[in-house]
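Observations on the model geometry
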Amino acid sequence: MIQWTAEQLDAFVQLLHDEAYEVLGPVIRDGAVTYGAMQALPVGYGDEQAAGHYRLTQRGDQTRFGYNLGPSTWKQFLFPPSETLFSVRDDLIHPVENQPGKRAFIGVRACEMAAIEVQDRVFLQGEYTERRYEQRRQQVFIVAVNCSQAAATCFCTANDDGPAVRGSADMVLTEVNPQQPWYLVEAISETAKKLVAKIGGAPANDEQHHQAQAAVNEAAEQISRQLPRKGLRDALFDALEHPQWDDVASRCLSCGNCTQVCPTCFCSTTQEQTDLVSMEVRHQRLWDSCFTEMHSYTTGGAIHHKTRSRYRQWLTHKLAAWEDQFDVSGCTGCGRCISWCPVGIDLTEEVEILRKSP
Amino acid sequence: MNKPSLAVFKFASCDGCQLSLLDCEDELLKVAELVEIANFPEASRRILPGPYDIALVEGSITTEHDEERIQEIREGSRILISIGACATAGGIQALRNYADVDQMVRAVYPQPSYIDTLATSTPISRHVKVDYELHGCPINKYQLLEVLLAFTAGRRPQVSNDSVCMECKAAGNVCVMVAQGEHCLGPITHAGCGALCPSFDRGCFGCYGVKEQADVESLFVFLRDQRGMTTQQAVALVQSFNADAPELKVIASDRKWGRRREDRPE
Ligand code: SF4
Ligand code: SF4
Ligand code: SF4
Ligand code: SF4
Ligand code: SF4
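Residues numbered from 1 in each chain as written. Chains lettered and ligands numbered in written order. Predicted model: local features only at pLDDT ≥ 70, side-chain atom pairs only at ≥ 80, totals over all residues. Heavy atoms only, no water.

**Some remarks on the overall build of chain B**
Counted only if it meets this: Counting from the N terminus, the helices are the DSSP runs of H or I reaching at least four residues and the strands are the DSSP runs of E reaching at least two. Atoms counted for the radius of gyration: C-alpha only. Globule rule: 2.2 Å times the number of residues to the power 0.38. Buried, partly exposed and exposed residues are distinguished by accessible area as a fraction of the type maximum, computed with a 1.4 Å probe on protein chains only: under 20%, between the cut-offs, and over 50%, respectively. The method behind every accessible area is Shrake-Rupley, applied with a 1.4 Å probe, and residues are considered shielded solely by the protein chains displayed. Charged-residue counts in this description rest on Lys and Arg as positive and Asp and Glu as negative, His and the chain ends being excluded. A charged residue contributes its charge at one atom only: NZ of Lys, CZ of Arg, CG of Asp or CD of Glu.
Of the regular secondary structure elements, chain B holds twelve helices and five strands. For chain B, the C-alpha radius of gyration of 20 Å lies close to 18 Å, the compact-globule estimate for 266 residues. In terms of overall dimensions, chain B has C-alpha extents of about 60 × 50 × 35 Å along its principal axes. Relative to its 266 residues, chain B shows a buried fraction of 52%. Taken as a whole, chain B presents about 12200 Å² of accessible surface, with 52% of it coming from carbon and sulfur. Across chain B, 27 positive and 36 negative side-chain charges occur, with their mean positions spaced 3 Å apart.

**Concerning the overall build of chain A**
The number of helices and strands found in chain A is twelve helices and 16 strands. The globule rule puts the C-alpha radius of gyration for 358 residues at 21 Å, and the 22 Å found for chain A is close to it. Expressed as lengths along the three principal axes of its C-alpha atoms, the size of chain A is roughly 65 × 60 × 40 Å. Across the 358 residues of chain A, 56% fall into the buried class. Per element, the accessible surface of chain A, about 15000 Å² overall, is 48% carbon and sulfur. Treating the 33 positive side-chain charges of chain A as one cloud and the 46 negative ones as another, the clouds have centres 2 Å apart.

**A closer look at the interface of chain B and chain A**
Note the following rule: A contact between two residues is defined here by any heavy atoms of the two lying within 4.5 Å. Throughout, the accessible surface (probe 1.4 Å) given up by two parts as they are put together, summed over both, is called the buried area. Every case where a carboxyl oxygen of Asp or Glu lies within 4 Å of a side-chain nitrogen of Lys or Arg is listed as a salt bridge.
The interface is formed by 39 residues belonging to chain B together with 46 residues belonging to chain A. Roughly 3300 Å² of surface becomes buried between chain B and chain A when both sides are summed, with 55% attributable to carbon and sulfur atoms. Of all residues in chain B, Lys169(B), Val178(B) and Gln213(B) bury the most surface against chain A, accounting for 20% of the area lost on that side. Scanning the region where chain B abuts chain A turns up one salt bridge. We note a salt bridge from Arg310(A) to Glu212(B), for which the minimum N-O separation is 2.9 Å.

**Examining the site of ligand 2**
Cut-off, in case you're wondering: We call a residue near a molecule or strand when any one of its heavy atoms sits within 4 Å of it. Charged residues are taken to be Asp, Glu, Lys and Arg, nonpolar residues to be Ala, Val, Leu, Ile, Met, Phe, Trp, Tyr, Cys and Pro, and polar residues to be all remaining types, Gly included.
Near ligand 2 the following residues occur: Phe155(A), Cys262(A), Pro263(A), Trp314(A), Lys318(A), Cys331(A), Thr332(A), Gly333(A), Cys334(A), Gly335(A) and Cys337(A). Within the shell around ligand 2, the residues separate by chemical class into seven nonpolar, three polar and one charged.

**Here we look at the domain arrangement of chain A**
Residue and element names in this part refer to chain A. Our working definition: Domain borders in the structure are assigned automatically or taken from a domain database. For the purposes of these results, a polar contact is taken to be a pair of N or O atoms within 3.5 Å, where, inside protein, one atom must be able to donate a hydrogen and its partner to accept one; residues adjacent in sequence count only when each atom of the pair is a side-chain atom.
Structurally, chain A comprises domain 1 (2-222) and domain 2 (232-354). Taking only C-alpha atoms, the centre of domain 1 and the centre of domain 2 are 25 Å apart. In this complex, domain 1 contributes 42 residues to the contact, which on the side of domain 2 involves 37 residues. When the two sides are added together, the surface that domain 1 and domain 2 hide from each other amounts to roughly 3300 Å², 60% of it contributed by carbon and sulfur. In this assembly, domain 1 and domain 2 are joined by four salt bridges. The salt bridge involving Arg-285 is made with Glu-83; its shortest N-O contact spans 2.6 Å. If you look at where domain 1 meets domain 2, you find 27 residue pairs in polar contact (both at pLDDT 80 or more). Mapped onto the side of domain 1 that touches domain 2, the elements with two or more residues apiece are β4 (45-50), β5 (53-58), α2 (75-78), β6 (82-89) and α3 (110-124). Residue contributions to the side of domain 1 that touches domain 2 peak at nine residues, all from α3.

**Topic: the nonpolar core**
The criterion, for reference: Only buried residues count toward a nonpolar core, which is a set of Ala, Val, Leu, Ile, Met, Phe, Trp, Tyr and Cys residues joined through side-chain atoms within 4.5 Å.
Formed by 88 residues in total, the largest nonpolar core has its most connected members in Trp4(A), Phe12(A), Phe141(A), Met171(A), Tyr311(A), Leu315(A) and Phe220(B). Residues within four places of Phe12(A) in sequence aside, it is in contact with Trp4(A), Phe141(A), Val143(A), Met171(A), Leu195(A), Val196(A) and Ile199(A).

**Some thoughts on the environment of Asp327(A)**
All names here are of chain A. Topologically, Asp-327 is positioned in the loop between α10 (307-326) and α11 (336-339). Overall, Asp-327 belongs to the exposed group, its relative accessible area being 67%. Beyond its immediate chain neighbours, meaning those up to four positions away, Asp-327 contacts Arg-121 and Trp-322.

**Comments concerning α10(A)**
Residue and element names in this part refer to chain A. Rule in force here: The seven residues ending at a residue and the seven starting there each receive a fitted axis; the angle between those axes is the bend at that residue.
When the local axis directions of α10 are compared, the greatest deviation, roughly 55 degrees, occurs at His-317. Counting buried positions along α10 yields 14 of 20 residues, so the element is predominantly enclosed. In the segment just after α10, Asp-327 is the residue with positive phi, at about 65 degrees.

**As for the side chain of Asn146(A)**
Residues and elements named next belong to chain A. Note that Asn-146 resides in strand β9 (residues 140-146). The exposure class assigned to Asn-146 is buried, which follows from its relative accessible area of 11%. In this structure the side chain of Asn-146 is engaged in a polar contact, spanning 3.0 Å, whose partner is the side chain of Thr-174. Beyond its immediate sequence surroundings of up to four residues, Asn-146 is in contact with Pro-163, Ala-164, Val-165, Val-172, Leu-173, Thr-174 and Val-216.

**Brief notes about the pattern of salt bridges**
Side-chain pairs of opposite charge can arise where the charged atoms are in close proximity. Applying the stated criterion to the full structure yields 35 salt bridges over all chains. As a salt-bridge pair, Arg155(B) and Glu146(B) come within 2.8 Å of each other at their nearest N and O atoms. The network of salt bridges with shared partners includes Glu83(A), Glu130(A), Arg132(A), Arg136(A) and Arg285(A).

**Quick look at the pairing of β9(A)**
All names here are of chain A. Just so we agree on the cut-off: Any two strands between which DSSP finds at least two bridges are classified as paired.
β9 sits mainly inside the fold: seven of its seven residues count as buried. Of the two faces of β9, the one carrying Val-140, Ile-142, Ala-144 and Asn-146 and the one carrying Phe-141, Val-143 and Val-145 are both buried. The pairing of β9 with strand β10 (residues 171-176) spans four bridges and is classified as parallel. Within β10, the position partnered with Ala-144 by the bridge is Val-172.

**Focus on unusual backbone geometry**
For the bond from Gly162(A) to Pro163(A), the omega torsion is 5 degrees, close enough to zero to count as cis. Looking at the secondary structure, you find Pro163(A) in the loop between β9 and β10. In the segment running from Cys137(B) into Pro138(B), the intervening peptide bond is cis, with an omega of 0 degrees. Checked against the element boundaries, Pro138(B) lands in the loop between β5 (132-134) and α6 (141-153). If you check the backbone angles, Met279(A) has positive phi at about 60 degrees while not being a glycine. Among the secondary structure elements, Met279(A) is positioned in the loop between β13 (268-275) and β14 (280-287). Judged by its relative accessible area of 40%, Met279(A) is partly exposed.

See below:
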């Protein structure tokens, strides 16, 4: 492994631009760290998070990755919130081609890498593959980052998904020393090795490896929330009539935010949109959520008619049924559903109560 | 096959919703191909006699004459669609439902004796059977076109009944409630505007009306207990464009809101 200065990291981002990547990464917008098309890494931003609460902060240091997760997910690029799949014009079907260019994701955290791999299982494994997801996924170059700090809403350690990156990133960075940061760089894929070589950098010594490890350990120690996984699936399936579902239903607004910010939720719906002037009909796919009425609508009505059963569907799918379906948990502990629930419902607290007998 | 006939009727309202139909411009000619515009005084002086296949009704019921006229319109229309916050939830003029209407009349009009009005402003569905309600203040013109298209084709309109939050997240907005501590009615509000207000950095004030399974009280309990909102602020927040929506009335009229449902007296 080698080490970079902050300037070398910034030069690497520029190199990705020069190499014709669409560079997607942290962008400061509307009081949050969001993901989008970026020129250079923002410097010195952090965040303060709690249930139903997020504030962007200035850290007063030189960190490029001193923030934790914001409301955006990488899902929005691989599985966009809305897209037209085909259109019908003059009684003929016209496919809408999906031709993604090469993209670089900068700053993918451990739980996010895990979430991308969860969605890989959903969309790419089994009998049917989602072609558009696959085409986009193949074009992505992932620059992952080990977390050097955790938000109060994080709990990636529950599933051993972080804070150190374990997935199949192209390269992994660790940021050390916030005031004058340097980066431990691990180039994994061949593409990454070639690109990293263009920047150069001194080999990292033992002491530096040590410091990088200490930074990640510190993040792990900062994690305060827990979601013990042992026996969780059975415990939830045994608790389907627990009174706590009524309690959470009396607070939950069925707004769907928790599913929309979740990096693993994959539900979608389709609609036909008619352009009255051209008489073209567009067949669109949109993100859906088990908190909407139409998600479970069948002839005669919605199966998940009440908020109680919608919340139960969400929680038991994420943490229990997902395991049966995809052999992993649907939750990587990113904590977004906690921060971005407008009324601060925290799934770790709900689970703790649901696991106790009423 | 004869083209279905369309009529547009107005009650107490600002005209904004029916103007969305005129505002369609490019699409308006297609609308005229799909339906016979039989009675639409804002668009044409030509008024064909009823009965009509589709009636769009804008505005709320605020006079005795309105009460009679809506019955006639219902009898003379095969499908009745109420459009906008006034027609679906009483509109801004339903603020009178919480006040003394005579006092209001005296405060507003130089000659109060000219005013002949009911004490309440109520939605169309309170008076006659309504086949479909399209929400918004004003309604979204593309949704109106979709509804017309669907009813002429005899299919279900593709109008989302999700929350504004769903549109807000799809638009990639940063939630103003979480990231800025704004009060936002998005979680309990019917989608349709594309999360217009949060896209411009302010909270939703609920002009698209209350969504299905909306737990209005839960939101306000949270805003009071966690955000220090006062009852007065809560009432001001909900008493706007859909003041007569039953779900909002709980907050506006029951000053004991804020207790959990199980603690409420039956
Ligand atoms: S939790 Fe709900 S929205 Fe998410 S994948 Fe499961 S059913 Fe879909
Ligand atoms: S369920 Fe919540 S904590 Fe788990 S991955 Fe989804 S958003 Fe993150
Ligand atoms: S748990 Fe929170 S974010 Fe999820 S639907 Fe309920 S209120 Fe909305
Ligand atoms: S800003 Fe309002 S509408 Fe948007 S997600 Fe937040 S609460 Fe919902
Ligand atoms: S965000 Fe709310 S207040 Fe603003 S236009 Fe939409 S429904 Fe109306």
